[in-house]
Amino acid sequence: MDLSTATEADLRELAAQGAASLGDATALELLQWTEDTFGRDFIVASNMQDGVLVHLATQVHPGVDVLFLDTGYHFAETIGTRDAVEAVYGVNIVNARAEASVAEQDAAEGKDLFAREPNRCCALRKVAPLKKSLAGYKAWVTGIRRVEAPTRANAPLISFDDAFGLVKINPIAAWSDEDMAAYIDKHSILVNPLVDEGYPSIGCAPCTTKPAPGSDPRSGRWAGNSKTECGLHAS
Ligand code: SF4
């Protein structure tokens, strides 16, 4: 198929075919299918919690494009991990940024929008930049896992992403925390130093706290607020 002229119906068909034929595929098999199907037309998203997904993707596509949502609110450790991932794994980091800087947003919307209207803040600083960046691709690969939160329990391996209009592949959706730890250990994968400080799920600094022991790993995100997702991944 000539992807440059692929319609939404074509992409839906590709997603359906992939999902039907790769129902019990490994992460590397899913990524190989992604490479074989989309070549240069896919991008890997990473929140820079660790380099597992990026490392996996480079096994099938050295120098792959890696999307990072540079919201302007990240921990210094996350920015450092992004830079280290770029250098160590030799990937092409694509920084997706909002139209307005944090200062410009403060001036236009009032200071600390994240504290008053986190959904609007995420829409401006995450969803809109992601949509703009993904417009240049036919597929995106994410690192979401089913065990991360109830909202992700049914995450498919391959689907058509209605929100962003392209194919979505979740190669490690079925991975447990033990699978992640084993891969990190085996391949000496880069990990954001905040993980060892007790942050199992890392997002923007103002909206990330350490979860209580034994609780949902994502419960430290937007703690005290009913919000549980950025709006990037439909539940
Ligand atoms: Fe804004 Fe918080 Fe969303 Fe980051 S996670 S974009 S700071 S509301």
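Here the structure is shown first, and the text comes after it.
First, a word on scope: everything that follows refers to the structure included in this document. (Residues numbered from 1 in each chain as written. Predicted model: local features only at pLDDT ≥ 70, side-chain atom pairs only at ≥ 80, totals over all residues. Heavy atoms only, no water.)

1. Section: the packing of aromatic side chains
One pass over the full model with this rule turns up five aromatic pairs. Both rings, one in Trp 140 and one in Phe 164, keep their centres 5.8 Å apart while their planes meet at 75 degrees; by these two values the pair is edge-to-face. With a gap of 24 residues between them, Trp 140 in strand E4 (residues 139-141) and Phe 164 in the loop between strand E5 (158-161) and strand E6 (166-169) connect regions that are remote in the sequence. Judged on exposure class, the residue Trp 140 and its partner Phe 164 are both buried. Geometrically, the ring pair formed by Trp 175 and Tyr 183 is tilted, given 5.6 Å between the ring centres and 55 degrees between the ring planes. (Phe/Tyr/Trp six-rings, centres within 6.5 Å; stacked < 30°, edge-to-face > 60°. Helix = DSSP H or I, 4+ residues; strand = E, 2+ residues; numbered from the N terminus. Buried < 20%, exposed > 50% of the residue type's maximum accessible area, 1.4 Å probe, protein only.)

2. Concerning the pairing of strand E3 (residues 92-96)
Where strand E2 (residues 65-69) meets E3, five bridges bridge the pair, whose relative direction is parallel. Paired with Phe 68 across the strands is Asn 95, a residue of E3. (Pairing = 2+ DSSP bridges.)

3. Section: the site of the ligand
Inspection of the region around the ligand gives 10 residues, with Tyr 73, Cys 121, Cys 122, Cys 204 and Cys 207 positioned closest. It is helix H7 (residues 118-134) that contributes the most residues to the shell around the ligand, five residues altogether. Across the shell around the ligand, the residue classes break down as eight nonpolar, no polar and two charged. (Near = heavy atom within 4 Å. Nonpolar A, V, L, I, M, F, W, Y, C, P; charged D, E, K, R; others polar.)

4. Focus: the sheet that holds E6
Here six strands make up an open sheet; going across it, the order is E3-E2-E1-E4-E6-E5 and the pairing mixed. Each edge of the sheet is formed by a strand with only one pairing partner; in this case those strands are E3 and E5. Pairs of neighbouring strands in the sheet enclose a mean axial angle of 30 degrees, with direction left out of account. Lying on the sheet, helix H2 (residues 27-38) is in contact with strand E1 (42-45), E4, E5 and E6; it crosses E6 at an angle near 160 degrees. (Axes fitted to C-alpha atoms, helices over the stretch in contact; angles between N-to-C directions. Contact = heavy atoms within 4.5 Å.)

5. Looking at the packing of H2 against helix H3 (residues 52-60)
Closest axis-to-axis distance for the H2/H3 pair is 9 Å, and the angle between their directions is 55 degrees. Our classification of the angle between H2 and H3 gives oblique. Crossing hand, H2 versus H3: right-handed. Residues Ala 27, Leu 28, Leu 31, Gln 32 and Glu 35 of H2 pack against Leu 56, Ala 57, Gln 59 and Val 60 of H3. The residue makeup of the contact of H2 with H3, split by class, is six nonpolar, two polar and one charged. (Parallel < 35°, antiparallel > 145°, perpendicular 65-115°, else oblique. Left-handed = near helix turned anticlockwise from the far one by under 90°.)

6. Brief notes about the environment of Ser 201
Assignment of secondary structure puts Ser 201 in the segment after helix H9 (193-196). Along the chain, Ser 201 and Pro 211 lie 10 residues apart, while their C-alpha atoms are 8.8 Å from each other.

7. Brief notes about unusual backbone geometry
A positive phi angle, close to 55 degrees, is found at Asp 112, a residue other than glycine. Tracing the sequence through the fold places Asp 112 in the loop between helix H5 (102-109) and helix H6 (113-116). The phi torsion at Ser 188 lies on the positive side, around 50 degrees, for a residue other than glycine. Residue placement: Ser 188 occurs in the loop between helix H8 (177-187) and H9. Judged by its relative accessible area of 62%, Ser 188 falls in the exposed class.

8. Regarding the packing of H5 against H7
Two elements in contact, H5 and H7, have axes separated by 12 Å at closest approach and are oriented at 140 degrees. Between H5 and H7, the interaxial angle falls into the category oblique. Our pair here, H5 against H7, has a crossing hand that is right-handed. Counted together, Val 102, Gln 105 and Glu 109 of H5 and Arg 120, Cys 121, Leu 124 and Arg 125 of H7 form the full contact between these two elements. Here the contact of H5 with H7 is built from residues that sort into three nonpolar, one polar and three charged.

9. What to know about the environment of Ala 84
Mapped onto the secondary structure, Ala 84 falls in helix H4 (residues 76-89). In this structure the C-alpha to C-alpha distance between Ala 84 and Met 48, which are 36 residues apart in sequence, comes to 9.7 Å. Leave out the neighbours within four places in its chain, and Ala 84 touches Tyr 89 and Leu 190.

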